[in-house]
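Observations on the model geometry
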Amino acid sequence: MIDNKALATDAFKMGAIFGLIQIIITMILYVMGVDAMVSYYSTALVVISILGCLIYGGIKWRKSNNNVAPYAKMFLFIWICSIALFTVSTLFNILLYSVIDPDLAANMTEAIVDKTMSMMEGFGVPDEALDQTISELEKVGDNFKPGAQIKSLFMSFIGFAVLAAILALFLKKEEKVFDDIEEA
């Protein structure tokens with residue numbers, strides 16, 4: 001039987017470690033520059049690393065429990081782990097955008113606008129649509145404020161639950177009730 005308290009403790013610890021990995025990735029991208037931070041490749045790297053960490057954590061946790069992890073327990077483990085991961089990451093991002101480099105949000109917003117504009121111009125989008133898109137994209141800078149980041153963190157708990165539900169389907173392993181019976 002898997003103890004819920006131990007499950008939660010293991011999930012928080014692993015999620016915090018994964019959050020530190022995300023901080024390292026963020027700092028590497030930060031050192032590389034704003035263009036690296038807003039590139040599609042960095043977004044793909046972050047998504048793949050998060051999924052990789054959660055899958056690795058789920059497998060490691062299952063193995064630590066005699067290779068048994070019922071769906072409900074695996075779901076709970078991955079969900080708590082992802083909440084811890086994103087909480088650590090969000091707290092660091094607040095520190096990064098508010099204390100370490102207060103100009104970073106404006107610089108990233110400008111880079112996002114420039115990148116989107118060049119892409120849209122390449123598709124031949126009319127000037128009126130470009131102007132409307134620019135005004136919408138300039139509001140992106142508000143997403144870097146601490147209150148918006150915390151609100152986004154809490155709103156994403158539902159998304160974490162969906163992700164945990166999907167990953168738990170693949171990572172669960174039920175305990176065998178009957179031993180394999182050899183047929184004569």
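Scroll up to find the structure this text is about.
Please read all numbers here as calculations on a predicted model, not as lab measurements. (Residues numbered from 1 in each chain as written. Predicted model: local features only at pLDDT ≥ 70, side-chain atom pairs only at ≥ 80, totals over all residues. Heavy atoms only, no water.)

Taken together, the side chains of Ile158, Val162, Ile166, Leu169 and Phe170 present a nonpolar region at the surface, about 560 Å² in accessible area. Tracing the chain through its elements places Ile158 in helix α8 (residues 157-171). (Patch = residues over 30% accessible without salt bridge, like charges linked within 9 Å, V, L, I, M, F, W, Y side chains within 5 Å. Areas by Shrake-Rupley, 256 points an atom, 1.4 Å probe, with all protein chains shown as cover. Salt bridge = Lys/Arg side-chain N within 4 Å of Asp/Glu carboxyl O. Helix = DSSP H or I, 4+ residues; strand = E, 2+ residues; numbered from the N terminus.)

What follows concerns the layout of surface pockets. Its boundaries defined by the atoms lining it, the largest pocket holds a volume of some 920 Å³. Lining the largest pocket we find 28 residues, and of these Val46, Asn93, Tyr97, Met108 and Phe144 sit closest to its centre. Among the elements of the structure, α1 (4-32), α3 (40-64), α4 (71-100), α5 (104-122) and α7 (146-155) are those that each provide at least two residues to the lining of the largest pocket. Examining the composition of the lining of the largest pocket, we find that six residues originate from one element, α3, more than from any other. Among the residues forming the lining of the largest pocket, the class breakdown is 16 nonpolar, 12 polar and no charged. (1 Å grid on protein atoms, 1.4 Å probe; cavity = no way out; pocket = protein on both sides within 12 Å on 5 of 7 lines; lining within 4 Å. Points joined across faces, edges and corners; volume = space filled by probe spheres on them. Nonpolar A, V, L, I, M, F, W, Y, C, P; charged D, E, K, R; others polar.)

Another aspect to go through is the side chain of Thr90. Relative to the assigned elements, Thr90 resides in helix α4. The class of Thr90 is buried, set by a relative accessible area of 11%. Residues in contact with Thr90, not counting those within four places in the same chain, are Gln149 and Leu153. (Buried < 20%, exposed > 50% of the residue type's maximum accessible area, 1.4 Å probe, protein only. Contact = heavy atoms within 4.5 Å.)

Attention now goes to the packing of α7 against α8. Put simply, α7 and α8 touch, their axes get as near as 4 Å, and they point 35 degrees apart. On α8, the residues that touch Leu153, Phe154 and Met155 of α7 are Phe157, Ile158, Gly159 and Phe160. Broken down by class, the residue content of the contact of α7 with α8 amounts to six nonpolar, one polar and no charged. (Axes fitted to C-alpha atoms, helices over the stretch in contact; angles between N-to-C directions.)

A word on the packing of aromatic side chains. Within the structure shown, the criterion is met by six aromatic pairs. For the ring pair Phe86 and Phe160, a centre distance of 4.5 Å and an interplane angle of 20 degrees mean the geometry is stacked. With Phe86 in helix α4 and Phe160 in helix α8, the pair connects residues that are 74 residues apart, well separated along the chain. Measuring from centroid to centroid gives 4.8 Å for Tyr97 and Phe144, while their planes differ by 55 degrees, and the two rings are tilted. Placement of the pair is Tyr97 in helix α4 and Phe144 in the loop between α6 (127-137) and α7, with a sequence separation of 47 residues. Within the aromatic cluster, the residues linked to one another by ring pairs are Phe86, Phe154, Phe157 and Phe160. Above the face of the Tyr40 ring, Lys115 is positioned so that its terminal group lies 3.8 Å from the ring centre. (Phe/Tyr/Trp six-rings, centres within 6.5 Å; stacked < 30°, edge-to-face > 60°. Lys NZ or Arg CZ within 6 Å of the ring centre and 35° of its normal.)

The phi torsion at Asn66 lies on the positive side, around 60 degrees, for a residue other than glycine. Looking at the secondary structure, you find Asn66 in the loop between α3 and α4. Residue Asn66 is classed as exposed on the basis of its relative accessible area of 69%. Backbone geometry at Asn67 places phi at a positive 60 degrees, although glycine is not the residue there. Mapping Asn67 onto the fold places it in the loop between α3 and α4. For Asn67, a relative accessible area of 28% gives the class partly exposed.

Counting 21 residues, the largest nonpolar core has Trp61, Met74, Phe77 and Ile78 as the members making the most contacts within it. Looking at this core, the elements that each hand over two or more residues are α1, α3, α4 and α8. Of all the elements, α4 adds the most residues to this core, at six residues. Within the second largest apolar cluster, 20 residues are counted, among which are Ala36, Val113, Met117 and Met120. (Core = buried A, V, L, I, M, F, W, Y, C linked by side-chain atoms within 4.5 Å.)

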